[in-house]
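Secondary and tertiary structure notes
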Amino acid sequence: MIRKIFIAFVASFSFSVAQAQTTQEQPGADLIVINAKIFTGSRAQPEASALAVKNGRIYSVGSDADILGLKNSSTEIIDARSRTLIPGIIDAHIHVLNDLAYNYNVRWDGVPTLRRALTMLSEQAARTPKGQWVKVIGGWSPYQFEENRFPTLDELRSAVPDRPLIVQYAYNQAFLNKQAMEALGVGTDRFPKVPDTEFERDSRGNPTGVIHGYTWLFLALESMVPQPTFDEQVSSMVYSIHGLNRFGVTSIIDNGGRWPYPEAQARVDVLARDNRLNVRMPFVDLQLGDGGPVNMVDLEIEAITKTAPIGAGQNLHPTLAHGHEYRGSGEVLSGEVHDHENFDRPAVIIEPEKMRRFVEQDVMKLVQRRIPFRMHVSYNENISPFLDALEKVNETISLDGLKWSLEHAETISPENIARVKKLGGGIALDAKMALHGDGFIRTYGRQKALETPRLRMLVDSGIPLAMTTDAFRAATFNPWVAVSWMVSGKAVSGSEILAENNRLSRTEALKLFTSGAAWFMNAEAELGIIAPGNLADFAVLDRDYFAVPEDQISSISSVLTIMDGKVVFGAQDYSALSPKLPDILPAWSPVKYFGSYHGEK
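Residues numbered from 1 in each chain as written. Predicted model: local features only at pLDDT ≥ 70, side-chain atom pairs only at ≥ 80, totals over all residues. Heavy atoms only, no water.

Where a strand is regular, its side chains alternate between the two sheet faces. Of all six residues making up strand β14 (residues 249-254), six are buried, and the element is well covered by its neighbours. Where strand β8 (residues 89-94) lies against β14, four bridges are found, and the strand directions are parallel. Paired with I94 across the bridge in β14 is D254. (Buried < 20%, exposed > 50% of the residue type's maximum accessible area, 1.4 Å probe, protein only. Helix = DSSP H or I, 4+ residues; strand = E, 2+ residues; numbered from the N terminus. Pairing = 2+ DSSP bridges.)

Here we have four strands laid out as an open sheet, ordered β5-β4-β1-β6, and mixed in their pairing. Each edge of the open sheet carries a strand with a single partner, namely β5 (57-62) and β6 (76-79). Here the average twist between neighbouring strands, direction ignored, is 15°. The pairing of strand β4 (residues 50-54) with β5 spans five bridges and is classified as antiparallel. Note that in β5 the partner of K54 across the bridge is R57. (Axes fitted to C-alpha atoms, helices over the stretch in contact; angles between N-to-C directions.)

Now for the packing of helix α10 (residues 352-368) against helix α11 (residues 380-396). Following both chains from N to C, one finds α10 and α11 inclined at 40°, their axes separated by 8 Å at the closest point. Our classification of the angle between α10 and α11 gives oblique. Pair α10 / α11 crosses with right-handed handedness. From α10, P352, M355, R356, F358, V359, E360, V363, M364 and V367 reach across to α11, where they touch N382, P385, F386, D388, A389, L390, K392, V393 and T396. Split into classes, the residues belonging to the contact of α10 with α11 amount to twelve nonpolar, two polar and four charged. (Parallel < 35°, antiparallel > 145°, perpendicular 65-115°, else oblique. Left-handed = near helix turned anticlockwise from the far one by under 90°. Contact = heavy atoms within 4.5 Å. Nonpolar A, V, L, I, M, F, W, Y, C, P; charged D, E, K, R; others polar.)

As structure tokens, then:
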């Protein structure tokens with residue numbers, strides 16, 4: 001009897017094992033890409049023609065024949081048709097969560113003529129409902145236009161005669177029509193009293209509608225115009241990320257803005273819970289408060305320890321690696337020592353003792369709590385006292401192992417590059433010189449521009465280094481504009497803006513948006529290169545980046561963008577693979593009719 005029970009048990013167990021084995025996933029790849037010119041970014045295997053993906057990671061890299069040997073009956077195979085394949089682009093400094101009204105804006109990014117830009121305004125004015133504004137908020141430069149100038153107020157008024165209009169150029173100036181001036185209360189007590197605001201005036205002393213200022217002015221103005229609903233904010237995020245995917249961007253670091261933690265995260269949660277967040281999106285947090293002087297560091301500590309406790313590196317996305325993880329505080333840590341980056345005006349120099357006091361009193365709190373931080377500082381005159389004080393902090397509490405960085409650092413000196421490296425920090429540059437370098441030349445001179453920033457020296461120093469866009473307001477979100485400038489030395493105007501000995505090779509420039517940028521995500525071991533075991537983020541380009549003439553680099557885009565082993569964008573031969581976007585909100589959105597970048601529609 002016992003023997004029969006034992007035999008029955010063994011038979012039952014064997015059947016269960018066999019059944020379990022049949023339900024296990026098949027060996028082999030989920031996705032294979034063949035016939036590609038793969039730039040791996042890896043010195044161990046610099047080139048290949050094929051790769052395989054399994055469970056969101058790169059499974060193998062090699063020849064077509066070797067990789068095709070890894071297919072099974074369900075493997076998806078994509079033929080790259082001899083196109084260039086690169087690691088997914090990482091934009092280590094951008095502001096998606098600051099632009100949750102993205103769908104409200106006419107995007108002039110990449111528009112080649114002022115004539116076309118004005119026509120876009122006219123067309124949008126005809127469809128914008130009463131009570132809403134026609135808006136162009138950053139991402140463009142007058143130097144990109146064939147006409148090489150700003151629009152005139154008469155041109156803007158003619159284009160938009162019966163709706164409030166604001167056209168904002170970076171964080172430098174804004175153009176308002178009569179309806180917008182009335183709505184904002186220009187010339188009355190309703191208009192925000194922000195320091196360093198300047199109004200252009202006519203011969204009678206009346207404001208013309210052209211306003212010059214700094215960051216705080218334009219953030220205040222944005223809060224006074226019609227605001228998107230929650231659903232429109234989510235839709236704006238979907239379409240801004242889609243615009244990034246179009247250029248091969250698969251990871252970003254959101255660098256804070258109007259919407260602080262944890263408020264902003266409710267919008268991201270909507271996409272994360274449905275697995276629709278098509279970009280890895282770590283974030284640093286900026287706490288502006290409710291107006292008036294505040295201690296931003298204290299507010300940050302309050303938010304992450306009491307309001308909604310979270311630790312550095314904690315991922316709020318339920319399934320996506322580096323999906324939405326907290327990467328610390330920044331980029332603005334104090335309004336009082338913020339030096340802006342308006343190249344049309346002289347540098348904002350912070351009183352050195354004020355900078356030192358801020359570091360010793362407030363940055364010290366972040367170091368004590370091991371909270372990573374990123375510090376916006378553009379000018380070397382402000383970098384020096386910041387580092388003076390940070391070195392003093394380091395003598396008391398070691399920075400060793402704590403990720404921190406300077407953001408922008410356009411005019412950093414050789415001495416300060418060495419100091420940042422010694423303290424274990426990184427530098428996240430940006431490409432504003434590509435768009436606004438002609439203005440920089442008028443303010444500081446051509447010789448200064450040619451060495452701003454010190455690209456060659458920074459790369460050679462071996463310091464953790466990334467190039468970023470700082471989009472969507474200060475500059476365009478198209479990373480290829482930045483790459484073109486680094487390689488050719490030319491701004492969007494065609495002006496020489498970088499000295500020949502201060503330019504980078506195509507490989508060096510691309511690495512600042514891939515392996516170099518991965519350091520800032522704390523993901524250098526699994527992002528930034530095409531290698532087995534790394535996360536499966538890559539892009540197939542519409543032209544060969546390494547072979548096209550320099551003047552075509554800025555026009556490069558992706559025809560196939562893969563993030564986490566899944567297609568997030570497809571064009572041309574791969575359009576059918578592209579995920580279907582939900583209907584845009586609002587229905588009158590300029591993005592619906594013009595796209596997010598010139599040539600998209």
